[in-house]
Amino acid sequence: MTDYTITNYAFKPDKNGCLSISTDGLNANGNEITISLYQSGTVFKIPVSSWTGDPQSIQGLGFGNLSTDHTYYFQFNVSDGVCVDGKGIIHHP
């Protein structure tokens, strides 16, 4: 991945309004990336939540207080010249 990528699938949170993603499979070679969560179907593309950092420094991210009536997708952004490879696993019902 270079620049950014968006998940091809929208995810529904669990019954408690939570989604999570494991990041230990993402390698940015010590560089920071931004992982943002967006609500599907919104006109204004403002993230519900975002995190910036080295994905190898954490095991995963959890997002809570989400509406169980909506679906959400992830966007992964990197700075110029930063490459990311690997995979993250999104946990949802």
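Our subject is the structure listed above.
Counting restarts for each chain: residues are numbered from 1 in the order of the written sequence. pLDDT decides what is reported in this predicted model: residues at 70 or higher carry local features, side-chain atom pairs at 80 or more are listed and counted, and totals for whole chains, interfaces and linings draw on all residues regardless. Water and hydrogen atoms play no part in the side-chain values, which are based on all heavy atoms of the structure.

Visitor: Would you mind showing me how to read the sheet that holds strand β9 (residues 89-91) here?
Guide: Paired through their backbone hydrogen bonds, the strands of a sheet run either parallel or antiparallel. In this analysis, strands are considered paired if DSSP registers two or more bridges between them. By definition, any uninterrupted DSSP run of H or I lasting at least four residues is a helix, any uninterrupted run of E lasting at least two residues is a strand, and each is numbered from the N terminus. Read across the open sheet, the three strands follow the order β6-β2-β9; overall the sheet is antiparallel. If you trace the sheet from one side to the other, it starts and ends with β6 (60-63) and β9, each paired once. Neighbour-to-neighbour, the strand axes of this sheet turn through a mean angle of 15°, independent of strand direction. Looking at chain direction, strand β2 (residues 19-22) and β6 are connected through four bridges and run antiparallel. Looking at β6, one finds that Leu 19 is bridged to Phe 63. Every axis in this analysis is a line fitted to C-alpha atoms, fitted for helices over the stretch in contact. Angles between the N-to-C directions lie between 0 and 180 degrees.

Visitor: How should I be thinking about the sheet that holds strand β4 (residues 33-39) in this particular structure?
Guide: One open sheet holds the four strands; their spatial order is β1-β7-β4-β5, and the pairing between them is antiparallel. At either end of the open sheet lies a strand with only one pairing partner, and these are β1 (4-6) and β5 (49-53). Ignoring which end each strand starts from, the neighbouring axes of this sheet average 15° apart. Bridge count between β4 and strand β7 (residues 72-78): seven bridges; the pairing is antiparallel. Along β7, the bridge assignment pairs Thr 34 with Asn 77.

Visitor: Is there a simple way to think about a nonpolar patch on the surface in this case?
Guide: Patch building starts from residues that exceed 30% relative accessible area and form no salt bridge, then joins like charges within 9 Å and nonpolar side chains (Val, Leu, Ile, Met, Phe, Trp, Tyr) within 5 Å. Throughout, the Shrake-Rupley method with a 1.4 Å probe supplies accessible areas, and for residues the shown protein chains are the sole cover considered. Just to be clear on terms, a salt bridge is a Lys or Arg side-chain nitrogen sitting within 4 Å of an Asp or Glu carboxyl oxygen. Where nonpolar side chains cluster on the molecular surface, the patch consists of Val 43, Phe 44 and Ile 46 and spans about 400 Å² of accessible area. Here Ile 46 is to be found in the loop between β4 and β5.

Visitor: When you look at the pairing of β2 in this model, what are you seeing that I'm missing?
Guide: One face of the sheet, then the other: side chains in a regular strand alternate in exactly this way. In the sheet, β2 pairs with β9 via three bridges, with the strands oriented antiparallel. Note on β9: the bridge partner recorded for Ser 22 is Ile 89.

Visitor: Looking at this structure, I do not really get the nonpolar core. What am I missing?
Guide: The tendency in soluble globular proteins is for nonpolar side chains to be buried side by side. Only buried residues count toward a nonpolar core. Its members are Ala, Val, Leu, Ile, Met, Phe, Trp, Tyr and Cys residues joined through side-chain atoms within 4.5 Å. Three labels apply to residues, based on accessible area from a 1.4 Å probe with only protein chains included: buried if under 20% of the type maximum, exposed if over 50%, partly exposed otherwise in between. Membership of the largest hydrophobic core comes to 19 residues, with the highest contact counts inside it found for Ile 21, Ile 33, Ile 35, Leu 37, Phe 63, Phe 74 and Val 84. Tallying contributions element by element places β7 first for this core, with four residues. By definition, residues are in contact when any of their heavy atoms lie within 4.5 Å. With residues up to four places along the chain from it excluded, the contact list for Phe 74 reads Thr 5, Ile 6, Thr 7, Phe 11, Ile 21, Ile 35, Ser 36, Leu 37, Phe 63 and Ile 90.

Visitor: Can you help me understand the environment of Asn 31 in this one?
Guide: Checked against the element boundaries, Asn 31 lands in the loop between β3 (26-27) and β4. The partly exposed category is assigned to Asn 31, whose relative accessible area is 31%. When the C-alpha positions of Asn 31 and Gly 53 are compared, they lie 7.4 Å apart, and in sequence the two are 22 residues distant. Side-chain polar atoms of Asn 31 contact the backbone oxygen of Ala 28, separated by 2.9 Å. Under this definition, polar contacts are N or O atom pairs within 3.5 Å; protein pairs additionally need one hydrogen-donor-capable and one acceptor-capable atom, and for neighbouring residues in sequence, both atoms have to be side-chain atoms.

Visitor: Even after reading the chapter, I still don't get the environment of Asp 80, so can you show me in this structure?
Guide: You can see Asp 80 is positioned in the loop between β7 and β8 (85-86). Overall, the relative accessible area of 78% leaves Asp 80 in the exposed class. Taking the C-alpha atoms as reference points, Asp 80 and Pro 13, separated by 67 residues in sequence, lie 32 Å from one another.

These values are about where atoms sit, not about what they do.
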